[in-house]
Amino acid sequence: MSDAMSRPGTLVGQRVLRVNDGKLLTGAGTFVDDLHLPGTLHAVVLRSPIAHGRLVAFDAAEALTMPGVVDVLAPEEARDATRPLRCVWLMPGQGQVDYPVVPRVVRHVGQALGVLLATSVAAAEDGAERVRMEFEELPCVVDVEAALGDAAPQLDPGCPGNVAVDLPRGDPPDAVEAAIARADHVVAMRFAIQRLAGSPLEARGVVASWSPATGELTMWSSTQVPHHARDHLAGALGLALDRVRVVAPDVGGGFGPKDHLYADEVLVCLAAMRARVPVKWIEDRREAFTATVHGREQIHEARLAFDDDGRFVALHSDVLADLGAHPSNVGAGPAFVATGMLEGPYRFDSSGGRVRGVLTNKTPAGAYRGFGMQQAAWVRERLVDEAARTLGADPAELRRRNMIRADELPYTTHTHQNYDSGDYAAALERATELVGEGLPAAPDDGRRRGVGLCSYVEFTGLGPSAVQEIVGFALGGYETAVVRVEPDGRATVLTGVSPHGQGLETSLAQLAADALGLPITDVRVVHGDTATAPYSAAGTIASRSMTVGGGAVVRAAGRLRVKILDLAGHLLEAAPGDLEIIQGVVQVRGSPTAAVPLRTVAEKAWLAWGLPPGMAPGLEEKDLHDPQDISYSYATHAAAVAVDLATGRIEIERYVVVHDCGVIVNPMIVDGQTHGGVAQGIGNALLETLVYDDVGQPRIATFHDYVLPGTGEVPDMVVEHTQTPSPFIPGGMKGMGEGGTIAPAAAIGNALANAVPEIAHLVTETPMTPARVWGWLDAAGVATDW
């Protein structure tokens, strides 16, 4: 047990060990595939093998003769029994606002069409091979720019030219163009960000159980959003909300793609209702690459205008977002955020952009850790470095010259982001100091070396609800917490946010324990079950758990502390202001012998014995926290790299993060989230990409094809934090779960361009694989022989 675990009242800011790690590390966790209900059948989802076409024949007769096969839910049967799933984030004029659980025309490889049930996974897979499906194939398009062409097939009647969304962002286009025209210099570049898979350790999975007697459906799901999934499941199946329960047991990572209900999950539940026995479906990794939403893919035609003295004048980006086969739950949201956060920590006279969300015959694209902010950082920070190169200026100095100062905060950007608090320049200064410390003298190994920076501001704590309404995001931005001291003096925290690796069971308990004067071992956090957890429309997305959910815990626990002190003061005949709670004992400050155990206070409260006049029985407080505004974290990352001119391989020799996420509840958890985020960002920068051929077939089947970062790519990191409290969040926290992923590509790309300036104008695409970098080196005439 750490020291902090034995010192209640000093828990916030302490490196408390995660309370659930013992269970997980010893294999005692309960994930979806660990659930074994009596009589469970196993499902295989029948999927489209083609990218675009009409199903003209479906025959499951032979499959039904196979050993162990019990039932096949055919496409027509599923279509007749379900309602469309609606998109939650709708942009103005969006051409497609929902999508069928089972389509009449398939639009991507892996699209769900039906379900086969059997007594084992093996029998289900064997049976699925005997289901005959015939298609009338239709022309497909997989390139987002080609999808805009006259020759491209039209994928949806509501989206002429395959454009589902087309909207301006920021200042009026004429104003931005006028600002660009009067600047002394303009750097214009075309940036391409690749398509990625979230790749959580645990893929998606569902166990569904239907009770015909009560008409109740229970779904255990590897989800980030139990209430959101419940609401959409009830809608898709035509059930009352109180007849549907969703439970998120232990969840092995989410990273955004688990932020909504999927069509295949609806089909599994429908199959369970029809079979009247529990049904389990566990997504295999090939399915995960084709059926779970992808992330990131965007093209930016971007311009940065600036004067001779280096002052930024204007910034603009025209964005093409590849939405895939249909708008996902969040549709063009990542491109909306990318343009919204494009300005980063800098001042501009004018800034704006255009967002076009375009349909293609690929898996739909949706939420992924960083949600548009990685794209914004890549575009902006590469432009800043190229502006410095144009001027012959130091990149750090150019950033410093244009950064919003601490005394200018709060500050409103041209896209209406209300930056709250911080010192952006301080993070830049410290990162530039740290990246040069500890680097050994460069060996004479023929490699080029360089340092790159990336500074950014991070949108965190999704809400408030009024803003959600303005932007068309049909999710309430509030969170609810219930904090209760039980009659035995222990505390229970009920929260609507649902952790999937962030350590919320620990950090939320730290907040409550601090307020209530309890050891963290006496606080239990309850979450993840719509039957018991407070309603959470948004769930655990957008770095909002500690800001919005934690803010609710801070306020509820604070009010509960006041009630405890009032009652204890009554019992001790002391002024509540003279009392403190230490180790579960309420005592007069400076006179520990004048004390009463918290357990005794709780017993009195729940018995309603000896209460002061007007005090209600019990020790329980509920808080609904709808934040006053967004909270904005920020950071500067710095990368030092070595580039092999013979192979194009980039080695990261030093990586530095200086980050501010407001008040840090648990530095160990924050460091871990940062390390993991940077590792994920390095994968984005150097390795990962999802590729399709011309007929819409993915070229990725396993992790042999889709390479994730390992110890060879991820260096030791230097991570430092500053703490500038958010004025909008009780407790002063800001979100930080996505921050690590935002900057690595830009920092590494800038380091590459610094090391090999001959190719700087070509460093516009990710991933920067050895083959791609060698191609740039060869094109510039600087590649060397082995």
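Keep in mind it's a predicted model, so treat the numbers as computed, not measured.

Describing the environment of Met 189
Tracing the backbone shows Met 189 in strand E10 (residues 185-193). By relative accessible area, Met 189 is classed as buried at 10%. Counting along the chain gives 572 residues from Met 189 to His 761, while the straight-line C-alpha distance between them is 8.1 Å. In this structure, Met 189 is in contact with His 300, Glu 301, Ala 302, Arg 382, Leu 383, Glu 386, Ala 760, His 761 and Thr 764, ignoring residues within four places of it in sequence.

Quick word on a negative patch on the surface
A cluster of acidic residues, Glu 125, Asp 126, Glu 129 and Asp 284, forms a negative patch at the surface. Positionally, Glu 125 belongs in helix H3 (residues 121-128).

Some remarks on the nonpolar core
Counting 113 residues, the largest nonpolar core has Ile 748, Leu 752 and Met 768 as its most contacted members. Element by element, the count of residues in this core is highest for helix H9 (residues 373-391), at nine residues. Counting 46 residues, the second largest nonpolar core, distinct from the first, contains Ala 491, Ala 605, Val 665 and Phe 728.

Considering the pattern of salt bridges
Counting across every chain of the model gives 64 salt bridges. Residue Arg 400 is joined to Glu 429 by a salt bridge in which the shortest nitrogen-to-oxygen separation is 2.2 Å. Residue Arg 400 is located in helix H10 (residues 395-402), and its partner Glu 429 is located in helix H11 (residues 424-436); the two are separated by 29 residues in the primary sequence. The partner of Asp 522 in a salt bridge is Arg 490, and the shortest N-O contact between them spans 2.9 Å. On the criterion of sequence distance, the pair formed by Asp 522 in the loop between helix H13 (504-516) and strand E25 (523-526) and Arg 490 in the loop between strand E23 (479-485) and strand E24 (491-495) is long-range, its members being 32 residues apart.

Describing the packing of aromatic side chains
Summed over the entire model, instances satisfying the criterion amount to 12 aromatic pairs. Ring centres of Trp 89 and Phe 473 lie 4.5 Å apart, and the angle between their planes is 10°; on these two criteria the pair is classed as stacked. Highlighted residues: Trp 89 in the loop between strand E4 (85-86) and strand E5 (98-99) and Phe 473 in the loop between helix H12 (465-471) and E23, separated in sequence by 384 residues. Overall, the relative accessible area of 5% leaves Trp 89 in the buried class. Exposure remark for Phe 473: the relative accessible area of 6% places this residue in the buried category. Ring geometry for Tyr 419 and Tyr 424: centres 6.1 Å apart, planes at 85°, overall edge-to-face. Ring pairing ties together the aromatic residues Tyr 419, Tyr 424, Phe 459, Tyr 632 and Tyr 634, which thus form one cluster. Directly above the ring of Phe 336 sits Arg 169, whose terminal nitrogen or CZ lies 3.6 Å from the centroid. Taking the ring centre of Tyr 262 as reference, the NZ or CZ of Arg 204 above it sits at 3.7 Å.

Overview of the packing of helix H16 (residues 667-686) against helix H18 (residues 744-755)
For the pair H16 and H18, interaxial distance at closest approach is 8 Å and the crossing angle is 55°. In terms of their interaxial angle, H16 and H18 are classed as oblique. In this structure, H16 crosses over H18, and the sense of that crossing is right-handed. For the pair formed by H16 and H18, the contact residues are Val 678, Gly 681, Ile 682, Ala 685 and Leu 686 on the first element and Pro 744, Ala 745 and Ile 748 on the second. Of the residues that constitute the contact of H16 with H18, the class distribution is seven nonpolar, one polar and no charged.

Some details on the domain arrangement of the protein
Domain parsing of the protein yields domain 1 (3-29 + 478-625) and domain 2 (403-451 + 633-786). The C-alpha centroid of domain 2 is placed 38 Å from the C-alpha centroid of domain 1. Facing the 24 residues of domain 1 at the interface are 19 residues of domain 2. Carbon and sulfur atoms make up 65% of the surface buried where domain 1 meets domain 2, a total of about 1500 Å² over both sides. A per-residue breakdown of the area domain 1 buries against domain 2 is headed by Arg 15, Ser 543 and Thr 547, which together make up 35% of the total. The interface formed by domain 1 and domain 2 contains one salt bridge. The partner of Arg 15 in a salt bridge is Asp 671, with the nearest N and O atoms 2.8 Å apart. Linking domain 1 with domain 2 are seven residue pairs in polar contact (both at pLDDT 80 or more), by the criterion used here.

Criteria and thresholds
In this numbering scheme, every chain counts its residues from 1 along its sequence in written order. Where local features are concerned, this predicted model is filtered to residues with pLDDT of at least 70; where side-chain atom pairs are given and counted, the filter is 80 or more; whole-chain, interface and lining totals use all residues. Side-chain measures were taken over the full set of non-hydrogen atoms in the model, leaving aside hydrogen atoms and water. In this text, helices come from DSSP runs of H or I with a minimum length of four residues, and strands from runs of E with a minimum of two, each type numbered from the N-terminal end. Note on classification: 1.4 Å probe, protein chains only; a residue is buried when its accessible area is under 20% of the maximum for its type, exposed when over 50%, partly exposed between these limits. By the convention used here, residues are in contact when the closest approach between their heavy atoms is within 4.5 Å. Here a patch means residues that are over 30% exposed by relative accessible area and free of salt bridges, tied together within 9 Å if like-charged and within 5 Å if nonpolar (Val, Leu, Ile, Met, Phe, Trp, Tyr). Here the open area of atoms and residues is found with the Shrake-Rupley method and a 1.4 Å probe, where only the protein chains shown may cover a residue. The salt bridge criterion pairs a side-chain nitrogen of Lys or Arg with a carboxyl oxygen of Asp or Glu, the two atoms within 4 Å. Counted as positive: Lys and Arg. Counted as negative: Asp and Glu, with His and the chain ends omitted from the count. To locate a charge, take NZ of a lysine, CZ of an arginine, CG of an aspartate or CD of a glutamate. For this analysis, a nonpolar core means a set of buried residues of the types Ala, Val, Leu, Ile, Met, Phe, Trp, Tyr and Cys, connected via side-chain atoms within 4.5 Å. Each Phe, Tyr or Trp ring (for Trp, its six-membered ring) is paired with any other whose centre lies within 6.5 Å, and the angle between the two planes then decides the class: stacked below 30 degrees, edge-to-face above 60, tilted in between. Distance and angle both matter: a charge sits over a ring if NZ of Lys or CZ of Arg is within 6 Å of the ring centre and within 35 degrees of the ring normal. Helix axes are fitted only over the stretch in contact, all axes being lines through C-alpha atoms; the angle between N-to-C directions runs from 0 to 180 degrees. Orientation labels follow simple angle bins: below 35 degrees gives roughly parallel, above 145 gives roughly antiparallel, 65 to 115 gives roughly perpendicular, and whatever is left gives oblique. Helix crossings are classified by the rotation of the near helix relative to the far one: an anticlockwise turn of less than a right angle makes the crossing left-handed, while a clockwise turn makes it right-handed. Gly is placed with the polar residues, together with every amino acid not listed as nonpolar (Ala, Val, Leu, Ile, Met, Phe, Trp, Tyr, Cys and Pro) or charged (Asp, Glu, Lys and Arg). An automatic or database domain assignment supplies the residue ranges for each domain. Two parts placed together each lose some accessible area; with a 1.4 Å probe, that loss summed over both constitutes the buried area. The term polar contact refers here to a pair of N or O atoms within 3.5 Å; inside protein, the definition further demands a hydrogen-donor-capable atom paired with an acceptor-capable atom, and it admits residues adjacent in sequence only when both atoms are side-chain atoms.

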